[in-house]
Amino acid sequence: MGHNLSTVSDLAGRVCLVTGASRGIGRAIAVALAAAGCDVAINYRSRSEEAERVAAQVKALGRRVTIVQADVAEAAAVSAMAAQINSALGPIDVLVNNAGIALRRGIDDLTEADFDETIAVNLKSAFLCTQAVLPHMRAQKWGRIVNISSGAARGAGSIGLHYNASKAGMEGLTRGYASRLAREGITVNAVAPSLIETDMMPASEANAGARIPLGRQGRPEEVAQATLMVLGNAYMTGQTVHLNGGTSFD
Ligand code: NAP
């Protein structure tokens, strides 16, 4: 039959945008994509030095790279970002919506501003970036989108209800796009990690020994591996892949 299921052959040479790629999970995904033969656009909001270091890692892997500062919660900034990537690397074939914030708030100290900011950065950003990349993906009848959700989309989580809502919304967005784009060769999936060791979830907050059956936090590289697995699979769409060290099995 001769079906070639090599992930690398399908992704090699593709232009990828990873939002929030200056640190943590986004950085690991950007580097893994470069290792798989992709050219990578590294988006960040404020930490330009970290973004430069990730770009150096991508270049060291022999791939083309561009760095784009943009607040992905802002429509105008997302349009400008897409245009900048288009002229630097070409149109975007693969989008990873990873940028996110985790404001730790209880029921009583959560403000309207916190709520609005969380929904804008974690959820609206994925809509804006998806809308920006779709015209090219639809024209070529090929595209891959992965949304970095969280165990908090379905579980209790420890950040706050605004964060739960933003990530549950992201999974709704994932299914909505997936169902409408499957016939056009574009897959849209979510990867939902929990308790990954990054600036957002340091060991001091994670309480891994007590909370995680595997006894440790996850690593950003493990989330990157799952993301590459999803991106490399042409038949999976509208799904959420969980990584949580055995904390739940939904
Ligand atoms: P992190 O270490 O705090 O890094 C966040 C990244 O997002 C940084 O690159 C940051 O850029 C960028 N960013 C934040 N707001 C942005 C904005 N408005 N526009 C553009 N970029 C923005 O976080 P992380 O732990 O790697 O988390 C990455 C994603 O995984 C998030 O969506 C998070 O919700 C999700 N997640 C994380 C965990 C976990 O345990 N760590 C678990 C489940 C889900 P700057 O460096 O410029 O600030």
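Keep in mind the model is a prediction, meaning the values are calculated, not measured. (Residues numbered from 1 in each chain as written. Predicted model: local features only at pLDDT ≥ 70, side-chain atom pairs only at ≥ 80, totals over all residues. Heavy atoms only, no water.)

Caption draft 1: A look at the sheet that holds strand β1 (residues 15-18). Across the sheet, which stays open at both edges, the 7 strands sit in the order β3-β2-β1-β4-β5-β6-β7 with parallel pairing between neighbours. The strands lining the two open edges of the sheet, one partner per strand, are β3 (65-69) and β7 (240-243). Neighbour-to-neighbour, the strand axes of this sheet turn through a mean angle of 15°, independent of strand direction. Where strand β4 (residues 94-97) lies against strand β5 (residues 143-148), 4 bridges are found, and the strand directions are parallel. Directly across from Leu 95, in β5, lies its bridge partner Ile 145. Running at roughly 175° to β4, helix α5 (residues 112-140) makes contact with β4, β5 and β6 (186-193) of the sheet. (Pairing = 2+ DSSP bridges. Helix = DSSP H or I, 4+ residues; strand = E, 2+ residues; numbered from the N terminus. Axes fitted to C-alpha atoms, helices over the stretch in contact; angles between N-to-C directions. Contact = heavy atoms within 4.5 Å.)

Caption draft 2: Looking closely at the pairing of β5. Burial analysis of β5 places 6 of its 6 residues in the buried class, the great majority of the element. Across the two faces of β5 the burial is the same, with Gly 143, Ile 145 and Asn 147 and Arg 144, Val 146 and Ile 148 all buried. Alignment of β5 against β6, held across 6 bridges, turns out to be parallel. Paired with Gly 143 across the two strands is Ile 186, which belongs to β6. (Buried < 20%, exposed > 50% of the residue type's maximum accessible area, 1.4 Å probe, protein only.)

Caption draft 3: Region of the structure containing the site of the ligand. Around the ligand sit 31 residues, and of these Ser 22, Ser 46, Tyr 163, Ile 196 and Thr 198 come closest. Within the backbone of Arg 47, one N or O atom sits 2.8 Å away from an oxygen atom of the ligand. Against a free-state accessible area of 900 Å², the protein chains account for coverage of 97% of the ligand. Residue composition of the shell around the ligand, grouped by class: 15 nonpolar, 10 polar and 6 charged. (Near = heavy atom within 4 Å. Polar contact = N/O pair within 3.5 Å; in protein donor to acceptor, adjacent residues only side chain to side chain. Areas by Shrake-Rupley, 256 points an atom, 1.4 Å probe, with all protein chains shown as cover. Nonpolar A, V, L, I, M, F, W, Y, C, P; charged D, E, K, R; others polar.)

Caption draft 4: Region of the structure containing the packing of aromatic side chains. Counted according to the given criterion, the structure contains 0 aromatic pairs. Sitting over the face of the ring of Trp 142, Arg 14 holds its NZ or CZ atom 3.5 Å from the ring centroid. (Phe/Tyr/Trp six-rings, centres within 6.5 Å; stacked < 30°, edge-to-face > 60°. Lys NZ or Arg CZ within 6 Å of the ring centre and 35° of its normal.)

Caption draft 5: Summary view of the nonpolar core. The biggest cluster of nonpolar side chains holds 36 residues, and the ones touching the most others in it are Val 18, Ile 29, Leu 33, Val 40, Ile 42 and Val 191. Those elements giving two or more residues to this core turn out to be β1, α2 (24-35), β2 (39-44), α3 (48-60), β4, β5, α9 (220-231) and β7. Considering each element in turn, this core owes the most residues, 7 residues, to α2. Every residue in contact with Ile 29, bar those within four places of it in the chain, is listed here: Val 18, Val 96, Ile 148, Ala 224 and Thr 227. In terms of nonpolar packing, the next biggest core, distinct from the first, is built from 28 residues, Leu 95, Cys 129, Val 133 and Met 170 among them. (Core = buried A, V, L, I, M, F, W, Y, C linked by side-chain atoms within 4.5 Å.)

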